[in-house]
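# Fold and contact review
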Amino acid sequence: MLSMRRLVWAIPASLALSVSIAHAFVHPAQESDGSIDRTEARATRAPRPDVQQALSRGTVWRDFEGRYGSWRAQWNEATSTPHRATGPAIALRGFTNDAASADRSVRDFIARNPSVFGADDGLELASARQAGSVWYVRYRQTIGGIPLLDSDWEFRVGTNGNLMAFGADGHRAPARLAATPRIGAGVAREAAKAGITFDPATDRVEGDRLWVLPIERDGAIDYRVVYELHAWTANPRHHWYTLVDAASGEVLVRRDKQHFVITGNVNATVHPTLPTDALTTRPLRNVFVNAGAAQTFTDSLGNYSLNAVGSPVTVTSGLRGRFVDVERCVADVCPSSDASFSSSTPNPSVKNIAWTTSNSQTSERDAYYHVNRAHDWVKAIDPAFTSCDYEIKAYVELTDNCNAFWDGASLNFFTAGSGCPASAQMPDIIYHEYGHAVNDNLYIANGRPAGMDNFAMQEALADLNAAFILDDPVIGNGFYGVGTSLRTVSNTKKWPFDENSVDAQSAGLILAGAMWDLRQSVGLTIAQRLFHFARYGLPDDPNDGKAFNEYFVEVLVADDNDANLSNGTPHYTQIVNAFNAHGIGTNYFVTISAPVEDQPNVGPFPVNATITYSGLFGGLDVTSPRLYYQVNNAPFAFVSMFPTGNPDEFGAQIPAQASAVIRYYIQAATLDGGIQTDPPAAPVRYYTFLGGLYSVMLENDFDNDLGWTVGASGDAATSGLWVRVDPVGTPIQPEDDHSASGTFCYVTGNAAPLDGIGVADVDGGKTSLVSSTFNATSGGLIRPVVSFWRWYSNDGGDNPSQDAWKVEISNNGGTSWVPVENTLETDQSWRRVMFFISDYVTPTSNMKIRFVATDDTSFPSLVEAAVDDFALYGFIPDVGVDDPLAGQSFSLAPAKPNPFRGMTRLNYTLAARGRVDLTVFDIQGRTIRQIVAADQEAGPHSTQWDGTNAAGRPVAAGPYFVRLSQGGRRTSEAVVVMR
């Protein structure tokens, strides 16, 4: 089991630079070299709907919309500026379809909108480039003449001069900023060596570029002038991207640019497509060939022609060419004895060069062939892309095995061993690694000096690079033998069900799955074009969901054909459907909040949900909200939810119950059919509350020791044993207990604040937490219910999702146990579990419960668990559903006619005499007309609505809701007005 230590990072507001984990291909928690272990801390803070709405409704944005129409914005909440915005096309003045005019026209637009952008005195052009039919114009903000690191000023302009989208994370220059460094570049380079294994004989630190780095702390932004430095170490091999404070010498950011991908196991040589293919002779293109002092390179058929001097001449060559230089390594000495060819020949003559096992290794030949194939594939899509038109180093036969990585400068492939082939002997691994090179180099060329930073995005696009080149969704095809593989981009993974994964590859499959679905609907040619050109938008938010959704918007930009996103794109429906299927399309912007507390009454039980939409495209289908509920393990049922009259609020009721464990979730849809649920993984996950006349029998928030014990027969865990503490947060362990006012809970081990993700997790077996004895029959209460909150993570490490979480209950003091839960499902959040004891055992006065977290030594992984807020409830006996209207009719019939023009009839039935309210609402929940507000007798009633509002004026055509309320009961029907 791997143990890892955490590093401390300062996270800038504009970048939210995160700790990097090397891009592992199979094993996300593979051991690092031992000097500094790597981990990842991806930001997960979601947009706050109230802040987003307040900024969208502010005077500045309203004025902007008054000039340009209905534009929508996603706001940078730290700077209160639009991070991304789009709307009806805006024709830019002076645009003539070249880079200079694109810059001038965009600057003119900025200058004419100072309330949105401020002055542009501090902007320098980072890039103005046409890709396809879109101009990508971006600027870098400067403060005191020093560029602000990754300031995000983005503009998308069609070749017809229409501005279709923009974003400006504008920072206000601080009043005081020490722009002149207090330390020299040499001192900063020495500081960059701190904390890493550094050998002056082999290692080096380069760079002296100055940046302004924004850092968000406690809601405020601090600005530091920093040196950008690059530390290269040979043993272990690392490329550390480092930002050093130019005033103090403090290392503020350090990220490893080396991207690992973990390979698997296969005993086959590499050939054109699969490792099991027969060896096939293929021409090698772009190979350098020398004859004396003359040099050339081969064409696409492998042919070359040289004008040599003299006779005879010596013809030499190696597996080196215009776009890759393959270096053979021996014991990590690179190069060692590279593949080479040398032959003396008359002039003129024909000299064929055949690369075979006699003069090269299979890994060298295949690395050269497949890197060139990957290069030519991307150039065929985008001939203007030149960022990879250089000799990329490809090191093969590195010591160790089952691995490959891109380190920001070179491709690296490991030797065979441990059942794995040499990693250069699998085409899709080479294509995957080359995909990382394209990602980084494209981003760097377009204004992002650190390349692509989001690891899940890196993994998704690298996987897609391989899948699209081969037109095969399977990654690592044949890795463990014929018919085996590592993963597939053809999947149903959905955001945010998997967003808590510590494995960036797993999270990346969400985006990769969306793009593969798109390939299925629009074809390979269109899909691979959109896949590539969407990268020019540089989507790269530290939050995986935001980054994926930014990529979704950029796919639409790349698909657009008239520089007007407000009227759709040629493949809008297919794109939206593909991304919605994975939760990162328009449905990403549906926010549902539906908290329900336990309800100590017999019901009916109201459930209200606040449902908002904050996307740039589409909108919420207000007729779609549904409440799904399950009572006492019965099948899930649903009822429609209707506006309550409060802003963005929808409500429904669960029927009355004398005693019930109720599980529920909310579902809503966008206008284009994207489904969102709360909780997101419903119905696999759901919310739970207790309903009926119950009483508390026992509560334990673990802030006090109530006699629970650790250990049971068969426990063998060597670390991560249960402990009652204030938890220290990691990517897989909670930072806080669940209790609203408490501090302590039980967790499986508790590392120090700076320790890594694998320190004090469960290792070597199982660990058990056993409750003290409790009485489930006291106080004359019946149907006792157990409730607790738990946290469980097992999806990190070498064998994710293999270790079980178990809950067991005993009614004989622990002599025998009955299973309640046994799951392999990770849920890195506090989740409530509630059940009737009688569903498993007969309640007694001698009850115990135990919680078991397991690290199976056959399948070790990163395992963390936590338990808090244990409670026991019981119900008052002989209590039925005391509802004066129970069993009697209370209903509102559908309006007739519906839809209607002029007049519609509303028929309803009351169960008893009492105050009645019959009201019409619009789709925003606003009251339109109160039709009935009076005391009425039980029985049938009828009235009419003429389609007018309270002032007697006709309402607009569209959907409305009629709600009938009486004595705590409520029901609604939809009605459509036609004009």
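This section reports on the structure supplied with the text. (Residues numbered from 1 in each chain as written. Predicted model: local features only at pLDDT ≥ 70, side-chain atom pairs only at ≥ 80, totals over all residues. Heavy atoms only, no water.)

### Thoughts on the nonpolar core
Rules: For the purposes of this section, nonpolar cores are sets of buried Ala, Val, Leu, Ile, Met, Phe, Trp, Tyr and Cys residues that join through side-chain atoms within 4.5 Å. Each residue is placed in one exposure class: buried if its accessible area under a 1.4 Å probe, protein chains only, is under 20% of its type's maximum, exposed if it is over 50%, and partly exposed if it falls in between. Strands are runs of DSSP state E lasting at least two residues, helices are runs of H or I lasting at least four, and both sets are numbered from the N terminus onward. For this analysis, residues touch if any pair of their heavy atoms sits within 4.5 Å.
In terms of nonpolar packing, the biggest core is built from 120 residues, with Tyr551, Phe579 and Ile666 touching the most fellow members. Considering every element that reaches this core, the biggest residue donor is helix α9 (residues 504-522), with ten residues. Ignoring any residue separated from it by four or fewer positions in sequence, one finds Tyr551 in contact with Met457, Leu461, Leu511, Met515, Leu530, Phe531, Ala534, Arg535, Pro539 and Phe579. Counting 31 residues, the second largest nonpolar core, distinct from the first, contains Val762, Ala776, Phe851 and Ala853.

### Some points on the packing of α9 against helix α11 (residues 544-559)
Basically, it comes down to this: Helix axes are fitted only over the stretch in contact, all axes being lines through C-alpha atoms; the angle between N-to-C directions runs from 0 to 180 degrees. Here is the rule for angles: anything less than 35 degrees is roughly parallel, anything more than 145 is roughly antiparallel, 65 through 115 is roughly perpendicular, and the remaining ranges are oblique. Crossing chirality is assigned from the near helix's rotation relative to the far helix, an anticlockwise turn below a right angle marking it left-handed and a clockwise turn marking it right-handed. The classification used treats Ala, Val, Leu, Ile, Met, Phe, Trp, Tyr, Cys and Pro as nonpolar, Asp, Glu, Lys and Arg as charged, and all other residues, Gly among them, as polar.
Contact geometry of α9 with α11 gives a least axis separation of 10 Å together with a crossing angle of 20 degrees. Judged by the angle between their axes, α9 and α11 are roughly parallel. With respect to the hand of their crossing, α9 and α11 are arranged in right-handed fashion. Here α9 contributes Ala507, Gly508, Ile510, Leu511, Met515 and Leu518 to the contact with α11, which in turn contributes Asp544, Phe548, Tyr551 and Val555. Here the contact of α9 with α11 is composed, by residue class, of eight nonpolar, one polar and one charged.

### Thoughts on the packing of aromatic side chains
Counted only if it meets this: Centres within 6.5 Å make a pair out of two Phe, Tyr or Trp rings, where for Trp the six-membered ring is used; the pair is then stacked when the planes are under 30 degrees apart, edge-to-face when over 60, and tilted otherwise. Two conditions define a charge located above a ring, namely a distance within 6 Å from the ring centre to NZ of Lys or CZ of Arg, and an angle within 35 degrees of the ring normal.
Following the criterion strictly, the structure yields 52 aromatic pairs and no others. A ring pair is formed by Phe552 and Phe617, whose centres lie 6.5 Å apart and whose planes are at 85 degrees; its orientation type is edge-to-face. Here Phe552, found in helix α11, pairs with Phe617, found in the loop between β24 (605-613) and β25 (620-631); they are 65 residues apart in sequence, far enough to count as distant. For Phe617, a relative accessible area of 8% translates into the label buried. Each member of the aromatic cluster is reached from another via a ring pair, and the members are Trp61, Phe64, Tyr68, Trp71, Trp75, Phe109, Phe117, Tyr139, Trp153, Phe155 and Phe166. The ring centre of Phe297 lies 4.2 Å from the NZ or CZ of Arg322, which sits over that ring. The cationic tip of Arg831 hangs over the ring face of Tyr686; the distance from NZ or CZ to the ring centre is 5.6 Å.

### Things to note about the pattern of salt bridges
Once their charged atoms are close, side chains differing in charge can pair, the charge on each being opposite to the other. Rule in force here: Definition used for salt bridges: Asp or Glu carboxyl oxygen within 4 Å of a side-chain nitrogen of Lys or Arg.
Under the defined criterion, the tally for this structure stands at 35 salt bridges. As a salt-bridge pair, Arg285 and Asp376 come within 2.7 Å of each other at their nearest N and O atoms. Of this pair, Arg285 sits in the loop between β12 (259-262) and β13 (287-291) while Asp376 sits in helix α6 (residues 362-381); the two residues are 91 residues apart in sequence, bridging distant segments of the chain. By relative accessible area, Arg285 is classed as partly exposed at 31%. As a salt-bridge pair, Glu391 and Arg320 come within 2.6 Å of each other at their nearest N and O atoms. You can see Glu391 sitting in the loop between α6 and β18 (392-398) and its partner Arg320 sitting in strand β15 (residues 313-321), a full 71 residues away along the chain. What makes Arg320 partly exposed here is its relative accessible area of 38%. Through salt bridges that share partners, Arg138, Glu154, Arg156 and Glu554 make up one connected network.

### Remarks on α6
This is how the line gets drawn: Multiply 1.5 Å by the residue count of a helix minus one, and that product is the helix's expected span.
For α6, which comprises 20 residues, the first-to-last C-alpha distance of 29 Å matches the rise-based estimate of 28 Å (1.5 Å per residue) to within 8%. Within α6, 17 of the 20 residues are buried, leaving the element largely enclosed by the surrounding structure.

### Some thoughts on the state of the cysteines
What counts, and what does not: By convention in this document, the label disulfide applies to cysteine sulfur atom pairs within 2.5 Å.
Counted by the stated rule, this structure contains one disulfide. A sulfur-sulfur separation of 1.9 Å characterises the disulfide bridge that pairs Cys329 with Cys334. In this structure the cystine formed by Cys329 and Cys334 twists about its S-S bond by roughly 120 degrees; its chirality is therefore right-handed. Overall, Cys329 belongs to the buried group, its relative accessible area being 3%.

Shape descriptors only; they carry no functional weight alone.
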